Amino acid sequence: MKRLFITGISTDVGKTIASAIVTEALEADYWKPVQAGELAHCDTKKVQKLVSNTISKFHQNAYALKTPMSPHAAAAIDHLQIHLEKIIEPKTKNHLVIEGAGGLLVPLNDNETVLDIIKPDYKVIIVSRHYLGSINHTLLTVNNLKEKGFDVSIIFSGDEHESTEHIIKTMTKVPIIGRIEEEPYFDKNVIKEYAELFRASLKTL
């Protein structure tokens, strides 16, 4: 069964929407190990509302922190410290989509980052969104993961920017699953449409 870790080149680039699409496409389970802030409207609940199939299960966060900040800082406010050994992958016989928090090097504590959650057998999907500096952030993310031996692919998010996408494809030489357009809204039907578009590419990862 596939273990797909979804990370972004920054915050607010579309990881949760991408996670919902991948979850729907593979009828996978979903897990957000560390949630920081918006506990009443957390990413797990957002994905659950967007997924149509009845097979996917939605697993509990290892850490649910109250403040929308970097996990290390949000944990400190909650008088906690994040311990990597307490971030335990849920048991499932299904595919599992794991959504990260922010980018790869977002700190969990004084010594570990989101990157440390990613296990060697995970395949990593990077969500890249165009903004000034996004090429640099995408290349840094891809290169960091490739140097550590991870299988990497990319989903573009937002309006097409041809020169940006071309140079990222050329320089990274990693598979491009597709692009999530700048839609006016996302609901179950929109997620299902993207799931059908991406399914074939996801199954080959």
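All of the points below concern the structure found in this document. The model shown is predicted, which means the values in this text are computed figures rather than measured ones.

Attention now goes to the nonpolar core. Counting 59 residues, the largest nonpolar core has Val22, Ile118, Ile125, Leu145 and Leu202 as its most contacted members. Looking at this core element by element, the count peaks at 7 residues for helix H1 (residues 15-26). Ignoring anything within four residues of it in the chain, the contact list for Leu145 reads Leu104, Leu115, Ile118, Val124, Ile126, Phe150 and Val152.

Summed over all chains, the structure comprises 11 salt bridges. Between Asp43 and Lys32 there is a salt bridge whose closest N-O contact spans 2.8 Å. Pair noted here: Asp43 is in helix H2 (residues 43-50) and Lys32 is in the loop between strand E2 (29-31) and strand E3 (34-36), with a separation of 11 residues, a long-range link. In this pair, the class of Asp43 matches that of Lys32, namely buried. The salt bridge partner of Lys123 is Asp151, with a shortest N-O separation of 3.3 Å. Linking Lys123 in strand E7 (residues 123-129) with Asp151 in strand E8 (residues 151-157), this pair joins segments that are 28 residues apart in sequence. Lys123 gets classed as partly exposed once you look at its relative accessible area, which sits at 25%.

All right, on to the pairing of strand E1 (residues 3-8) then. Side chains on a regular strand alternate between the two faces of the sheet. For E1, the buried fraction is high: 6 of the 6 residues fall into the buried class. The two faces of E1 match: Arg3, Phe5 and Thr7 on one face and Leu4, Ile6 and Gly8 on the other face are all buried. Bridging between E1 and strand E6 (residues 96-99) involves 4 bridges; their strand directions are parallel. Along E6, the bridge assignment pairs Arg3 with Leu96. Bridge analysis of E1 against E7 gives 5 bridges, and the strand direction is parallel. Note on E7: the bridge partner recorded for Gly8 is Val127.

Moving on, we come to the packing of aromatic side chains. For any pair of aromatic rings, the description consists of the separation of the ring centres together with the inter-plane angle of the planes. Counted by the stated rule, this structure contains 3 aromatic pairs. Measuring from centroid to centroid gives 6.4 Å for Tyr30 and Phe58, while their planes differ by 45 degrees, and the two rings are tilted. One end of the pair, Tyr30, is in strand E2; the other, Phe58, is in strand E4 (residues 58-59), and 28 residues separate them in sequence. For Tyr30, a relative accessible area of 0% gives the class buried.

This part takes up the layout of surface pockets. Its volume calculated, the largest pocket comes out at about 470 Å³. Along the wall of the largest pocket there are 22 residues; nearest its centre are Thr11, Asp12, Lys15, Lys32 and Asp43. Elements represented by at least two residues in the lining of the largest pocket include exactly H1, E3 and H2. Top contributing element to the lining of the largest pocket by residue count: E3, with 3 residues. Partitioning the lining of the largest pocket into residue classes produces 8 nonpolar, 7 polar and 7 charged.

So, how was this worked out
- Residues numbered from 1 in each chain as written.
- Predicted model: local features only at pLDDT ≥ 70, side-chain atom pairs only at ≥ 80, totals over all residues.
- Heavy atoms only, no water.
- Core = buried A, V, L, I, M, F, W, Y, C linked by side-chain atoms within 4.5 Å.
- Buried < 20%, exposed > 50% of the residue type's maximum accessible area, 1.4 Å probe, protein only.
- Helix = DSSP H or I, 4+ residues; strand = E, 2+ residues; numbered from the N terminus.
- Contact = heavy atoms within 4.5 Å.
- Salt bridge = Lys/Arg side-chain N within 4 Å of Asp/Glu carboxyl O.
- Pairing = 2+ DSSP bridges.
- Phe/Tyr/Trp six-rings, centres within 6.5 Å; stacked < 30°, edge-to-face > 60°.
- 1 Å grid on protein atoms, 1.4 Å probe; cavity = no way out; pocket = protein on both sides within 12 Å on 5 of 7 lines; lining within 4 Å.
- Points joined across faces, edges and corners; volume = space filled by probe spheres on them.
- Nonpolar A, V, L, I, M, F, W, Y, C, P; charged D, E, K, R; others polar.

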